[in-house]
Amino acid sequence: MMEELLERADLPESPIAPEVEESWVPPAPPAGLDTALYQHDEREARADLRRQIAAMELALARLFGSAFPRKGIDFAVAGMGGPRLLSADELERVRDGLATRIQDVKADLHDYAVVEEANRELIEEMVADPASHRWERVCNEDIGEPGCKHWHAKPRWGVLGMLLGWWQVKISSGCPLAKGLRPPESRWRRRDSAASGAGARPLANR
Amino acid sequence: MAELPDQWEVAPEPGWIEPALAEEFPGLSIVSTALETTTGRSPEALKERLRSLSDRIAGAQAILLRQQPIPWAYRVFFRHIGLDPDTTRTPIEQLIFERIHDGRFKSRNRVDDALTIAMVEVGVALRAFDADRAEGRLGLRLSAEGEGFEGRVSPLPEGTIVVADEKRPLGILFDKTAEGRGVKRGTRRVLLVAISVRGVPDIALEEALWVAGSALRA
């Protein structure tokens, strides 16, 4: 089905296209002559532009899929106001808008990839030598992955580990699972600001 | 889940396409079928199908939707007719957006729910009109200069693509329905309309109408 839209369609003979015998047109008009020699049939140009738009829309759709879960990438290409038949000029503008957007998205993704690769290397360095990366924290989002997992260089046994230099990389267990409604705020509160709900305890137990 | 009747056979009637449109957009087609039904709230069987459908659609499907052949074909057609599919969403993308936004497919009424099920299942763009308020066969054409549109004060811009019967426009393509021509409480006969574009197989149109019709008769 996709190939059907991307193939060049055979158009019927145009009623306004010039007959070969009647109007011989030189390969290039004489210098300084800007007037149109005959009326062009733009149907073929429009069909070709539509095929290009289809191919670019598919390319943009694939980039959209591969960009997830990165945020802040603009995929919008302005419309021309419709629904109506667009002229060749308008189709060209849509095609150019798509081409520009594809280039912008690719550039954004490249920028993300550079930062994400650096963050992956940072995780490796943190795991190899946690003491050199004290308190540093890298999230899944920083390496272009979905989810809430993060790597955090922190001391073992709190203050004692901090004084004795017992540093480790702690890997979080990921996003909390949805388990019904949250308990009332008056009886429950979060122990810390971490995303995990594991720290929530009833105040009465403290 | 209650069983849906399987004895009903869809009889799609092909609509006409204005030559200027057919020449520019090979593959553009419209088919319709009328059926008697009741309007109002959805029966439990239909609501159960919506809930089941909600469980099957999640974020992953939403992200990859535009790469699938039929939704992509509609996106491409939207670009071809000057619409930005990220602003004016294609029918299937609008439904998936609402599913992600609301957390489920909300039940609205019998006709809307039937269309939702068929569009999400098959991907084809569907809409419904009051069959008793349409005259003759349906088709797609360009609006004439100064042509009016029920429910709109100013005339339609010339050259707007409209879904029309043999007398007047019933709706703007992938946009508003003319006032009084849509399905409302008390409508006895519903005209289900499927609009196809290049890249959508013909069998999908029939299937979409069948799924919507079956759901309506549940």
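Residue numbers restart at each chain and count upward from 1, following the sequence in its written direction. For naming, the first written chain is A and the first written ligand is 1, with later ones following in the order written. Reporting of local features is limited, given that this is a predicted model, to residues whose pLDDT is at least 70; pairs of side-chain atoms are given and counted only at 80 or more, and all residues count toward the totals for whole chains, interfaces and linings. With hydrogens and water set aside, each side-chain value is computed from the structure's full complement of heavy atoms.

Points about empty space enclosed by the protein
Residue and element names in this part refer to chain B. Note on definitions: the grid is 1 Å and covers protein atoms alone; a cavity is a set of points where a 1.4 Å probe fits but cannot get out; a pocket is an open set with protein on both sides within 12 Å along at least five of seven lines; lining residues have an atom within 4 Å of a point. Grid points are joined across faces, edges and corners, and a volume is the space filled by probe spheres set on the points. Overall, the coordinates contain two cavities of 30 Å³ or more when judged by the stated rule. The volume enclosed by the second largest cavity comes to roughly 50 Å³. Every residue lining the second largest cavity is listed: Leu95, Glu98, Asp102, Arg104, Phe105, Lys106, Arg108 and Thr116. For helices the rule is a DSSP run of H or I covering at least 4 residues; for strands it is a run of E covering at least 2, with both sets numbered from the N terminus onward. It is helix α5 (residues 91-102) that provides the largest number of residues to the lining of the second largest cavity, a total of three residues. Residues were grouped as follows: Ala, Val, Leu, Ile, Met, Phe, Trp, Tyr, Cys and Pro as nonpolar; Asp, Glu, Lys and Arg as charged; and all remaining residues, including Gly, as polar. A per-class count over the lining of the second largest cavity returns two nonpolar, one polar and five charged.

Things to note about the sheet that holds strand β3 (residues 29-36) of chain B
Residues and elements named next belong to chain B. Spatially, β1-β3-β8-β4 is the arrangement adopted by the four strands of the open sheet, whose pairing is antiparallel. This sheet does not close on itself; its edge strands, each paired only once, are β1 (13-14) and β4 (125-130). Two strands pair under a simple rule: DSSP has to find at least two bridges between them. With two bridges joining them, β1 and β3 adopt antiparallel strand pairing. Following the sheet pairing, proline 14 is matched in β3 by valine 31.

Describing the pairing of strand β2 (residues 150-155) of chain A
Residue and element names in this part refer to chain A. Burial within β2 is extensive, with five of its six residues counted as buried. Of the strand pairs in this sheet, strand β1 (residues 137-139) and β2 are connected by three bridges, and their pairing is antiparallel. Its bridge partner lying in β2, arginine 137 is registered against histidine 152. Of the strand pairs in this sheet, β2 and strand β3 (residues 167-171) are connected by five bridges, and their pairing is antiparallel. When the bridges of β3 are listed, lysine 154 appears paired with glutamine 168. Only protein chains enter the accessibility calculation, which uses a 1.4 Å probe. A residue is then buried if its area is under 20% of the maximum for its type, exposed if over 50%, and partly exposed in between.

Quick look at unusual backbone geometry
Backbone geometry follows two general trends: most residues other than glycine have a negative phi, and most peptide bonds adopt the trans configuration. All names here are of chain A. For the bond running from phenylalanine 68 to proline 69, omega is 10°, close enough to zero to count as cis. Tracing the backbone shows proline 69 in the loop between α2 (43-67) and α3 (88-128). Cis geometry marks the peptide bond from glycine 82 to proline 83, where omega comes out at 10°. For proline 83, the location among the structural elements is in the loop between α2 and α3. A positive phi angle, near 60°, is found at tryptophan 157, a position not held by glycine.

Let's talk about the packing of aromatic side chains
Two aromatic rings from Phe, Tyr or Trp, using only the six-membered ring of Trp, form a pair when their centres are within 6.5 Å; if the ring planes differ by under 30 degrees the pair is stacked, by over 60 it is edge-to-face, and anything between is tilted. Going through the model one piece at a time under the given rule, you end up with seven aromatic pairs over all chains. When the centroid spacing of 5.1 Å and the interplanar angle of 75° are considered together, the rings of phenylalanine 64 of chain A and phenylalanine 75 of chain A count as edge-to-face. On the criterion of sequence distance, the pair formed by phenylalanine 64 of chain A in helix α2 and phenylalanine 75 of chain A in the loop between α2 and α3 is long-range, its members being eleven residues apart. Classification of phenylalanine 75 of chain A as buried rests on a relative accessible area of 10%. Members of the aromatic cluster, connected to one another through ring pairs, are Phe25, Tyr74, Phe77, Phe78 and Phe174 of chain B. Any Lys NZ or Arg CZ found within 6 Å of a ring centre and within 35 degrees of that ring's normal is scored as a charge over the ring. Arginine 66 of chain B extends its terminal NZ or CZ atom over the ring of phenylalanine 64 of chain A, reaching a point 3.7 Å from the ring centre.

Here we look at the environment of glycine 182 of chain B
Residues and elements named next belong to chain B. Within the element layout of this structure, glycine 182 appears in the loop between β7 (169-172) and β8 (189-196). Glycine 182 sits in the buried class, given a relative accessible area of 18%. As for glycine 182 and asparagine 109, which are separated by 73 residues in sequence, their C-alpha atoms are 13 Å apart. Sequence-distant contacts of glycine 182, defined by excluding residues within four places in its chain, comprise Ala128, Phe129, Asp130, Thr177 and Thr187. The criterion used for residue contact is that any of the two residues' heavy atoms lie within 4.5 Å.

Structural measurements only, silent on function.
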